[in-house]
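Spelled out from the first residue to the last, the chains are:
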Amino acid sequence: MSMRTKFFALTYDRQMAKTEKAGLRAFRERLLAGLSGDVLEIGGGTGLRRVLRPGGQLLFIEHVRADDAGTAQLQDRMNWLFRLVVCCDCNRPTLDSIKAAGFTLARLEHTALPNAPKF
């Protein structure tokens, strides 16, 4: 693990505090409401097939590549900075990756955090 990645891991909660207050916490609470059993929250880079029990559900909240061409273009231009600062790709095709891994989408909700930049 690089020093940058270690630093990111150590400061992640502090970096995400404003995003949590801007609505991410409410999204997560709504997504997990009514669930029972063991819940494991993991980063998207984790191999889901290794941790998901047979019959388990994959529930996710994730930024995705914008459908709007102008916003997607902005994501492409800003991705290098986003990757440098927060170790993440703001323009990755998340839904395509989930489908390619063999998962079926039962429900999909597109939304936005009201106080966050579009990209």
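As a convention, each chain's residues are numbered from 1 in the sequence order in which they are written. Only residues with pLDDT of 70 or above have their local features reported here, since the model is predicted, and side-chain atom pairs are shown and tallied only from 80 upward, although totals for entire chains, interfaces and linings are computed over all residues. Excluding hydrogens and water, the side-chain figures rest on all heavy atoms present in the structure.

A. Seen up close, the environment of Leu105. On the secondary structure map, Leu105 appears in the segment after helix H4 (94–100). To sort residues, take the accessible area from a 1.4 Å probe on protein chains only and compare it with the maximum for the residue type: under 20% means buried, over 50% means exposed, and anything in between is partly exposed. Residue Leu105 is classed as partly exposed on the basis of its relative accessible area of 28%. Once the C-alpha coordinates of Leu105 and Leu95 are considered, the two residues, 10 residues apart in sequence, prove to be 8.8 Å apart. Under the scheme used here, helices are H or I runs from DSSP no shorter than 4 residues and strands are E runs no shorter than 2 residues, and both carry numbers assigned from the N terminus.

B. Fine view of helix H1 (residues 3–32). Take the residue count of a helix, subtract one, and multiply by 1.5 Å to get its expected span. For H1, which comprises 30 residues, the first-to-last C-alpha distance of 33 Å sits more than 12% below the rise-based estimate of 44 Å (1.5 Å per residue). The principal kink in H1, of about 80 degrees, is found at Glu20. Those residues of H1 that sit buried are Phe8, Thr11, Met16, Glu20, Ala22, Gly23, Leu24 and Phe27. Turning to H1, the residues buried within the fold contact helix H3 (69–86). The positive-phi residue at the C-terminal boundary of H1 is Gly34, with phi of around 85 degrees. The angle between axes fitted to the seven residues ending at a residue and the seven residues starting there is what we call the bend at that residue. Contacts between residues were defined by any pair of non-hydrogen atoms, one from each residue, lying within 4.5 Å.

C. Seen up close, the confidence of the model for the protein chain. Taken as a whole, the protein chain shows an average pLDDT of 82; of its residues, 93% reach a score of 70 or greater. pLDDT is a per-residue confidence score from the predictor, ranging from 0 to 100. Per-element confidence in the protein chain is highest for H3, whose mean pLDDT is 89, and lowest for helix H2 (residues 48–51), whose mean pLDDT is 74.

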